[in-house]
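# Remarks on the overall topology
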Amino acid sequence: MRKILSILTKTSNSLRTEQLFTFELVAYISINLVYLLSMHRKLPLKAYKYRIYPTDAQVVFFTKTFGCCRLVWNKMLDKKLQAYKKKERIPGVTPAEYKKEFPFLKEVDSFALCNVQLQLEKAFKDHFRNRKQFKLPKFKKKRDKQSYTTNNVHNSIRVDFEKRLLYLPKLREGIRVELHRTFDGKIKSVTVSRTNDGKYYASILVETENSRNKVVEPKSKACGIDLGLDYFVTVTNDFMSYKVEHPKYLRRGEERLKRLQKSFSKKQKGSKNSEKARLRLARQHAYISNARNDFLHKLSKAIIDENQVVVVEDINAKGLLKTRLAKSVADSGWSRFVTYLKYKAEWYGRTFIQVDRFFPSSKLCHRCGYKNDDLSLNDRTWCCPECGETHDRDVNASINLYFVGLGRPEVTPVERALVDDRSPYGLPKKPSRDETGSLTVTG
Ligand SMILES: [Zn+2]
């Protein structure tokens, strides 16, 4: 209740100082109220993402809305940044202030503009809370991925599963949508986005009773995961050690990406051929990013299903990114993989441990505990002078991490798996498809 009051006083403050349209105010308060009420009731929310096929007229509307959101974001950000640079108090800004100067703002969905304001406020709040993790918000460009979010008020957003249509505010005719799966529950909001290869998606946030994941009983007590260069990861569990390769389709995709980049840079800027090459490049980027995400989700889910305790090393990706390993780290998606493991562990009631980055997982002999300080990055195998055992560098490291997992008594029981799968701030949304797939396992 105190939160609601503070928001109301904040809004009335901005009312006193700035012009605010009543509708804008109502929208602002109702978005906040809906959000607070849903927080209070702790209703599980789930996002469903669908490909949509807008008509030409709908594309025009989306383009207009994206443009207005971008304009309002950039204007408000500019005002805030100017105050920030002068070390003044950062002013509260509303989209309404710009409606006089840019009357076309009235033509688009005002919830979309309101959400821009909320997103910007959140971006600044995050930055002041944790400057290292959250950089200052940036200006939006026309070339970037475009999106806007609108809220469901009085059934303004509907899905017709039979006719396969999605209805959004300000659009009379439904949008053709590929409903590859159904959902039931109340729609909270929809985010419409256009990727830079020209595809449109709608991500529908739904309040649903039924979102508990099926929890599988783990077969292995613990596992240690070494993040490698030759192989994506090396895993040791109760039964064996195995290596997972980088998928071949990703390698091939990256080769094609390089070729397309070269061809794009050779084309004359602004020409028709250059635009075609840009599209081909954007499509390939999208393909690789989807394929990699898919691989990371399937692998992390399989590991979480298999083990009760999951141990990884702290890769300190930011430190590594400055070294020659940079490209390999950025490409392989380790940090995303670790994030996926972390939140899936929470969903499925597993224990996730990230060891200190000073833990010498590669240097310790797993058999006798001897520490090999001379081990360099290029040594793929080494022989322990104490006990004579020959080690594969990655397997040895993963076994040491596995031992860390075995030594941890505080194991979360499976029954304590989270019922509410709302994704915490900053973490990716829960994957929407059933994730079971085969993995490339060798060794
Ligand atoms: Zn040894």
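Each value, and the rule that gives it
- Residues numbered from 1 in each chain as written.
- Predicted model: local features only at pLDDT ≥ 70, side-chain atom pairs only at ≥ 80, totals over all residues.
- Heavy atoms only, no water.
- Pairing = 2+ DSSP bridges.
- Helix = DSSP H or I, 4+ residues; strand = E, 2+ residues; numbered from the N terminus.
- Axes fitted to C-alpha atoms, helices over the stretch in contact; angles between N-to-C directions.
- Contact = heavy atoms within 4.5 Å.
- Expected span 1.5 Å × (residues − 1).
- Buried < 20%, exposed > 50% of the residue type's maximum accessible area, 1.4 Å probe, protein only.
- Polar contact = N/O pair within 3.5 Å; in protein donor to acceptor, adjacent residues only side chain to side chain.
- Left-handed = near helix turned anticlockwise from the far one by under 90°.
- Donors = N, O, S within 2.8 Å, 3.2 Å for Na, K, Ca; no water.
- Tetrahedral: all angles 85-135°; square planar, octahedral: opposite > 155°, others 65-115°.
- pLDDT = per-residue confidence, 0-100.
- Phe/Tyr/Trp six-rings, centres within 6.5 Å; stacked < 30°, edge-to-face > 60°.
- Lys NZ or Arg CZ within 6 Å of the ring centre and 35° of its normal.
- Core = buried A, V, L, I, M, F, W, Y, C linked by side-chain atoms within 4.5 Å.

## Digging into the sheet that holds strand E5 (residues 175–178)
Across the sheet, 7 strands lie side by side as E2-E6-E7-E1-E5-E4-E3; this open sheet has antiparallel pairing. The strands lining the two open edges of the sheet, one partner per strand, are strand E2 (146–151) and strand E3 (158–160). Ignoring which end each strand starts from, the neighbouring axes of this sheet average 35 degrees apart. As defined by bridge partners, E3 adjoins strand E4 (residues 165–167) across 3 bridges and the pair is classed as antiparallel. Directly across from Asp160, in E4, lies its bridge partner Leu165. Each of strand E1 (45–53), E2, E5, strand E6 (186–194) and strand E7 (200–207) is contacted by helix H3 (residues 56–85), which is oriented at about 95 degrees to E2, the strand it contacts most.

## Re helix H10 (residues 393–406)
Taking 1.5 Å per residue, 14 residues should reach 20 Å; H10 reaches 20 Å between its end C-alpha atoms and fits that length. Burial analysis of H10 places 10 of its 14 residues in the buried class, which makes it a mostly covered element. Taken as a whole, H10 has its buried residues at Arg393, Asp394, Asn396, Ala397, Ser398, Ile399, Asn400, Leu401, Tyr402 and Gly405. Taking the backbone nitrogen of Asp394 as reference, a side-chain oxygen 3.0 Å away marks Asp392 as the first, capping residue of H10.

## With respect to the packing of H3 against helix H4 (residues 110–129)
Direction vectors running N to C along H3 and H4 enclose 35 degrees, while the axes themselves pass 9 Å from each other. Like other packed secondary-structure pairs, H3 and H4 cross with a definite hand, here right-handed. Across the interface between the two elements, Thr65, Cys68, Cys69, Val72, Trp73, Met76, Leu77, Lys80, Leu81 and Tyr84 of H3 pack against Ala112, Leu113, Val116, Gln117, Gln119, Leu120, Glu121, Phe124, His127 and Phe128 of H4.

## Things to note about the coordination of the zinc ion
Around a metal, the ideal angle is 109.5 degrees if four donors adopt a tetrahedral arrangement and 90 or 180 degrees if six donors adopt an octahedral arrangement. Of the protein atoms, only Cys365 (SG), Cys368 (SG), Cys384 (SG) and Cys387 (SG) coordinate the zinc ion, at distances of 2.2 to 2.3 Å. Coordination at the zinc ion comes from 4 donor atoms whose angles at the metal span 106 to 115 degrees, giving a geometry best classed as tetrahedral. Counting residues between consecutive donors of the zinc ion along the chain gives the motif C-x2-C-x15-C-x2-C. Remark: Cys387 occurs in the loop between strand E13 (381–383) and strand E14 (390–392) and Cys368 occurs in the loop between strand E12 (351–355) and E13; sequence separation between them is 19 residues. Relative accessible area serves as the criterion here: at 29%, Cys387 is assigned to the partly exposed category.

## Considerations on the environment of Leu299
Within the element layout of this structure, Leu299 appears in helix H6 (residues 272–306). Under the relative-accessibility criterion, Leu299 is labelled buried at 1%. As a C-alpha pair, Leu299 and Val233 span 66 residues in sequence and 10.0 Å in three-dimensional space.

## Comments concerning the confidence of the model for the protein chain
Of the residues in the protein chain, 77% reach a pLDDT of 70 or more, and the chain-wide mean stands at 80. Element-level pLDDT for the protein chain is lowest in strand E15 (residues 441–442), with a mean of 34, against a maximum mean of 95 in E4. Predicted confidence for residues 14–18 stays below pLDDT 50, and this span has 5 contacts to residues more than four positions away or in other chains. Across residues 409–443 the pLDDT falls below 50, and counting only partners more than four positions away or on other chains, this stretch makes 79 contacts in the model.

## Here's the deal with the packing of aromatic side chains
Taken as a whole and judged by the stated rule, the model has 16 aromatic pairs. Ring plane angle 50 degrees and centroid distance 6.2 Å describe the contact between Phe62 and Tyr148, whose orientation is recorded as tilted. Highlighted residues: Phe62 in helix H3 and Tyr148 in strand E2, separated in sequence by 86 residues. When sorted by exposure, Phe62 lands in the same class as Tyr148, which is buried. When the ring of Phe124 is compared with that of Phe128, the centres are 6.2 Å apart and the planes differ by 35 degrees; the resulting orientation is tilted. Of the two residues, Phe124 and Phe128 both sit in helix H4, 4 residues apart, roughly one turn of that helix. Three or more aromatic residues joined by ring pairs make a cluster, and in this case those are Phe61, Phe62, Phe66, Tyr148 and Tyr200. Taking NZ or CZ as reference, Lys80 lies 5.7 Å from the ring centre of Phe124, over its face.

## A few points about the side chain of Asp305
Positionally, Asp305 belongs in helix H6. By relative accessible area, which is 18% here, Asp305 ends up buried. Look past the residues within four positions of Asp305 in its chain and what remains in contact with it is Val216, Glu217, Pro218, Lys219 and Arg350.

## Remarks on helix H9 (residues 334–347)
Structurally, the α-helix is built with 3.6 residues per turn, so residues lying three or four positions apart point the same way. Along its 14 residues, H9 runs 20 Å from first to last C-alpha, staying within 8% of the 20 Å computed at 1.5 Å per residue. Residues of H9 that are buried: Trp334, Phe337, Val338, Tyr340, Leu341, Tyr343, Lys344, Ala345 and Trp347. The positive-phi residue at the C-terminal boundary of H9 is Gly349, with phi of around 70 degrees.

## A short note on the nonpolar core
If you look at the biggest cluster of nonpolar residues, it comprises 41 residues, and the most contacted ones within it are Ile52, Phe62, Tyr148, Leu166, Leu168 and Ile204. Elements with a contribution of two residues or more to this core: E1, H3, H4, E5, E6 and E7. Broken down by element, the residue count for this core peaks at 10 residues, all from H3. The next biggest cluster of nonpolar side chains, apart from the first, holds 26 residues, and it includes Val233, Ile303, Ile304 and Trp334.

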